Amino acid sequence: MKIDHLIPKFVPIVVFLLGFYDLVRGFMHTILLNYSAVHIAGLDLTTPQASDLLRLLGAFGISNLITGLMLILMAWYSRKMALIMTAVLPIIYYFGHLVIYSNLKHYAPTSANWEGIPFIIVYLTISAITFILGATITWLRSRENRRGHS
């Protein structure tokens, strides 16, 4: 059964906006790489690892550009995929967070301030709330639709 018509219209709108936000993050992490590293992440670029840090931050920016474009395309072409991604995003980020912190426990704490973290928490919260509301409304509509066909 095709369910795109049962998924609320706000889902692809939110996913489009999340995609646009990812494009902004990608721009910040690639085009404005040095600025973002120093003034947002608070990385110390006076160390011998500065080029490694910039390369990693830039690679993350490239993936932001890719996910941003993918989210926009999903919002445009498939409400179902857009709804699914609102669940996938927070799950994958949480999994990644756990893996990163399990690997960091063997190292000294960083002096970086990572000022972008509050923005990603808002991004992931919006994504999770969109999934919960969108999935609930879709489920209710599908139940109503089945009752109408009985």
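What counts and what doesn't
- Residues numbered from 1 in each chain as written.
- Predicted model: local features only at pLDDT ≥ 70, side-chain atom pairs only at ≥ 80, totals over all residues.
- Heavy atoms only, no water.
- Helix = DSSP H or I, 4+ residues; strand = E, 2+ residues; numbered from the N terminus.
- Buried < 20%, exposed > 50% of the residue type's maximum accessible area, 1.4 Å probe, protein only.
- Polar contact = N/O pair within 3.5 Å; in protein donor to acceptor, adjacent residues only side chain to side chain.
- Contact = heavy atoms within 4.5 Å.
- Arc of directions from axis to C-beta.
- Phe/Tyr/Trp six-rings, centres within 6.5 Å; stacked < 30°, edge-to-face > 60°.

Student: Explain the side chain of Ser-36 residue by residue, including any values.
Tutor: Positionally, Ser-36 belongs in helix α2 (residues 33-40). Residue classification places Ser-36 among the buried residues on the basis of a relative accessible area of 3%. Side-chain polar atoms of Ser-36 contact the backbone oxygen of Met-28, separated by 2.7 Å. Dropping the residues within four chain positions of it, Ser-36 is found in contact with Met-28, His-29, Ala-41 and Leu-57.

Student: Let's hear about α2: which residues, and what values?
Tutor: Among the residues of α2, Leu-33, Ser-36 and Ala-37 are the ones counted as buried. Along the axis of α2, the buried positions cluster into a sector of 100 degrees, meaning they face one direction only. Where the residues of α2 are buried, they touch α1 (10-30) and α3 (50-77). Residue Gly-42 follows α2 closely and has a positive phi angle near 70 degrees.

Student: An account of the packing of aromatic side chains is requested, with residue identities and associated values reported.
Tutor: The full count for this structure, using the stated rule, is two aromatic pairs. Both rings, one in Tyr-21 and one in Tyr-123, keep their centres 5.7 Å apart while their planes meet at 40 degrees; by these two values the pair is tilted. Here Tyr-123 lies in helix α5 (residues 117-148) and Tyr-21 lies in helix α1, a separation of 102 residues in the sequence. Classification of Tyr-21 by relative accessible area gives partly exposed; the value is 26%. Between Tyr-93 and Tyr-123 the ring centres are 6.4 Å apart and the planes differ by 70 degrees, which places this aromatic pair in the edge-to-face class. Of this pair, Tyr-93 sits in helix α4 (residues 79-104) while Tyr-123 is found in helix α5, placing the two residues 30 residues apart along the sequence. According to the relative accessible area criterion, Tyr-93 is partly exposed, its value standing at 27%.

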